[in-house]
Amino acid sequence: MLGVLAHKWSWRKRRQAEGKPWDRPNIVMGADVHTVWEKFARFFDVELRLIPLQEDTYIVSAEEVAKEIDENTICVAAVLGTTFTGQMDPIKEINDLLVDIKKTKGWDIPLHVDGASGGFVAPFVNPDLEWDFRLEQVKSINVSGHKYGLVYPGIGWLIMRDKTDLPDELVFKVNYLGGEMTNYSLNFSKGSSTILAQYYNFIRLGKSGYTDIMQNMMNNSRYLAEKLHETGKFEIINKQHTLPLVAIRLKDAPFTVFHLSARLRQKGWIVPAYYLPENAQDVAVMRMVIKENFSRDMVELLFSDIMKAYHSLELSETEIKERERGIENLTLLY
Ligand SMILES: *Cc1c(COP(=O)(O)O)cnc(C)c1O
């Protein structure tokens, strides 16, 4: 929210300086964004141009972004690892589009990368992937420390590309706490425990520690994905596997992921099942987020419980059918 608020201000200042209207800002993104983005648009009174998903591609494309942007676009948002399927928006292609638009139309539209989930993973497991300030139009990035940053809730980071991307008017300076303190936030006071924990992890683990942990999580989640795939009963949605997460659909089961999720809950597993956003709203998926403490043993356990739940649901489904048939026969006899 603070990142895009800064872009809104920069856009408005630019429009005012050019003597152009500045009353109809918009923001462009795919329907694969986290709810926080819809919140931003509503809270900060910016027109939300949400690009619907398509059946079978659950991310946004640069061509679709191109259709929505104009001189009133304060920012385009792209996700590095969506909440719904763990897939990544084509950030480099969107950047290239915006670079091109800047050259041809003169609209300097910033790209914000929502790296809430992927920001602490990609640098360690996929360092050659360009999604960050290596790309010209990426002007701000958010990352959640309390996800793969490995800190308890709630800490998040906002990184601006350049000091000039954050307008001075938004930064407040206070001196009544001793010395001068600069502050850019919505609330004022905040506990420092999460910052200390993040700091500790950075120093304690370092780049090599984070790399080990991320790679281990990737291996375990890939292993789970492979095992599920091999059964022939599930379709793995995030086939590219760029985050330690497995999102699946059922192939042709006589029950839904909601039944499966409920069965797993009886065993103590919290595996959410949900429908995808707009235009893919008939697609029901189930998501398993593999965390640092989720060992290979736990993968085996989860897999075995998934299959037990699967077979018992299948069985109860045939039982129901048989019973129905029985009742029909009974009725005939009677
Ligand atoms: C979790 C998440 C958010 C919200 O971040 P918080 O740190 O929980 O506020 C935003 N975007 C994406 C893609 C997320 O996964």
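What counts, and where the lines are drawn
The residue count restarts for each chain, going from 1 along the sequence in the order it is written. With pLDDT at 70 or above as the cut-off, local features in this predicted model cover only qualifying residues; side-chain atom pairs require 80 or more to be listed or tallied, and sums for whole chains, interfaces and linings still use all residues. To get the side-chain values, take all heavy atoms of the structure and skip hydrogens and water. Note that domain bounds follow an automatic or database assignment of domains. Two residues form a contact once any of their heavy atoms are found within 4.5 Å. For any pair of parts, buried area is found by adding up, for both, the accessible area (1.4 Å probe) each one loses once the two are put together. Just to be clear on terms, a salt bridge is a Lys or Arg side-chain nitrogen sitting within 4 Å of an Asp or Glu carboxyl oxygen. Pairing of N or O atoms within 3.5 Å defines a polar contact, subject to two protein rules: one partner must be a possible hydrogen donor and the other a possible acceptor, and residues neighboring in sequence count only if both atoms are side-chain atoms. Each Phe, Tyr or Trp ring (for Trp, its six-membered ring) is paired with any other whose centre lies within 6.5 Å, and the angle between the two planes then decides the class: stacked below 30 degrees, edge-to-face above 60, tilted in between. Only Lys NZ and Arg CZ are tested; either one counts as a charge over a ring when it is within 6 Å of the ring centre and within 35 degrees of the ring normal. Helix and strand assignments follow DSSP, with helices taken as H or I runs no shorter than four residues and strands as E runs no shorter than two, numbered in order from the N terminus. By this definition, two strands are paired if DSSP reports at least two bridges between them. Simply put, an axis is a line fit to the C-alpha atoms, just over the touching stretch for a helix, and the angle between two N-to-C directions goes from 0 to 180 degrees.

Novice: Honestly, the domain arrangement of the chain in this entry has me stumped. Any pointers?
Specialist: How big an interface is tends to be reported as the loss of accessible area on association of its parts. Split into domains, the chain comes out as domain 1 (2-197) and domain 2 (231-333). Taking only C-alpha atoms, the centre of domain 1 and the centre of domain 2 are 35 Å apart. Opposite the 21 residues of domain 1 that make contact, domain 2 presents 20 residues. Taking both partners together, domain 1 and domain 2 bury about 1700 Å²; carbon and sulfur atoms supply 63% of that area. Per-residue buried area on domain 1 facing domain 2 is highest for Y58, F84 and Y148; these three make up 31% of the total on that side. Here domain 1 is connected to domain 2 by one salt bridge. Close ionic contact of D56 with R249 constitutes a salt bridge, the shortest N to O distance being 3.9 Å. Applying the counting criterion to the domain 1 and domain 2 interface returns five residue pairs in polar contact (both at pLDDT 80 or more).

Novice: Honestly, the packing of aromatic side chains in this entry has me stumped. Any pointers?
Specialist: The way to describe two aromatic rings as a pair is by their centre distance and the angle between their planes. Counted according to the given criterion, the structure contains ten aromatic pairs. Residues F40 and F44 carry aromatic rings whose centres are separated by 5.1 Å and whose planes lie at 20° to one another, so their mutual orientation is stacked. A connected cluster of aromatic rings, assembled from ring pairs, spans F120, F124, F202 and Y210. The ring of W9 has R12 lying over it, and the distance from NZ or CZ to the ring centre is 4.7 Å. One residue, R296, lies across the ring of Y223, its end atom 4.1 Å from the ring centre.

Novice: Mind showing me how you'd approach unusual backbone geometry here?
Specialist: What you tend to see is this: most non-glycine residues have negative phi, and most peptide bonds are trans. Looking along the chain, the bond that leaves P153 and enters G154 is cis, with omega of -5°. In this structure, G154 sits in the loop between strand 5 (138-144) and strand 6 (156-160).

Novice: Just checking my understanding: could you explain the sheet that holds strand 1 (residues 26-30) for this structure?
Specialist: Each strand in a sheet pairs with another by means of backbone hydrogen bonds, the pair being arranged parallel or else antiparallel. The strand order 2-1-3-4-5-6 describes an open sheet built from six strands, whose pairing is mixed. Strands with a single pairing partner mark the edges of an open sheet, and in this sheet they are strand 2 (47-51) and strand 6. When the angles between neighbouring strand axes are averaged without regard to direction, this sheet yields 20°. The pairing of strand 3 (residues 73-79) with strand 4 (residues 111-114) spans four bridges and is classified as parallel. Within the sheet, the bridge partner assigned to A77 lies in strand 4 and is H112.

Novice: Help me understand the sheet that holds strand 12 (residues 284-289) in this model?
Specialist: Within the open sheet, the four strands sit side by side as 9-10-12-11. Their pairing is antiparallel. The sheet is open, and its two edges are formed by strand 9 (234-236) and strand 11 (273-275), each paired on a single side. Each strand of the sheet is rotated relative to its neighbour by a mean of 35°, with strand direction disregarded. In this sheet, strand 10 (residues 245-250) lies alongside strand 9 in antiparallel orientation, the contact comprising three bridges. By the bridge assignment for strand 10, E235 is matched with R249. In the packing of helix 6 (residues 193-230) onto the sheet, the strands contacted are strand 9, strand 10 and strand 12, and the crossing angle to strand 10 comes to about 15°.

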